[in-house]
Amino acid sequence: MESTLDWQSARTLCQDLGGDLAKISTGRALRQAYAYIKAYALSGTFWLGGGDQVVEGDWVWVYDGTRVDKGTPYWAINTGLFGNSHEPSGGSDENCLAMAEDRFYFFTDRPCTESHHPICME
Ligand SMILES: [Ca+2]
């Protein structure tokens with residue numbers, strides 16, 4: 001898992017393996033992904049199969065087109081001057097979904113051109 005890829009290349013890699021970037025739509029799956037990262041002592045940021053590339057702010061799982069649930073327990077929280085708000089916060093500059101070590105592996109939006117580790121599903 002040393003290689004990192006931009007989001008589209010990460011998706012292509014997963015598809016070449018017969019799957020897709022991971023869809024995490026239950027609290028159980030979120031915990032399993034976190035456990036996987038910890039079990040293999042992985043670190044950094046990981047691409048998931050979600051994005052709002054088509055319609056800004058409308059987050060969907062690319063695997064099946066279903067909506068990405070907003071808020072808790074999935075998305076990271078920003079603590080700011082005007083109180084707390086959930087990610088996503090990057091607007092049209094950040095259209096791909098990631099689990100980031102610096103966000104305690106909650107969901108956050110990142111620029112799709114960044115290079116991160118893919119989390120594939122079968
Ligand atoms: Ca966006």
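In the block above lies the structure referred to throughout.
As the structure is a computational prediction, the values presented were derived from the model and not from experiment.

Details of the overall build of the protein
Counting its secondary structure elements, the protein contains two helices and nine strands. Relative to the compact-globule value of 14 Å for 122 residues, the protein shows a C-alpha radius of gyration of 13 Å, a close match. Reported as C-alpha extents along the three principal axes, the dimensions of the protein are approximately 45 × 35 × 25 Å. Counting the 122 residues in the protein, one finds 28% classified as buried. Long-range pairs, those at least 24 residues apart, make up 60% of the contacts in the protein between residues at least 6 apart in sequence.

A look at the environment of G19
Mapped onto the elements, G19 comes out in the loop between α1 (7–16) and β1 (20–21). C-alpha of G19 to C-alpha of Y63: the two residues are 44 residues apart in sequence and 9.1 Å apart in space. For G19, the contacting residues outside a window of four places in its chain are C14, C120, M121 and E122.

Rules of the game
Residues numbered from 1 in each chain as written. Predicted model: local features only at pLDDT ≥ 70, side-chain atom pairs only at ≥ 80, totals over all residues. Helix = DSSP H or I, 4+ residues; strand = E, 2+ residues; numbered from the N terminus. Rg over C-alpha atoms; globule rule 2.2 N^0.38 Å. Buried ≥ 20, exposed ≤ 12 C-beta atoms within 10 Å, placed from the backbone. Contact = placed C-beta atoms within 7 Å.

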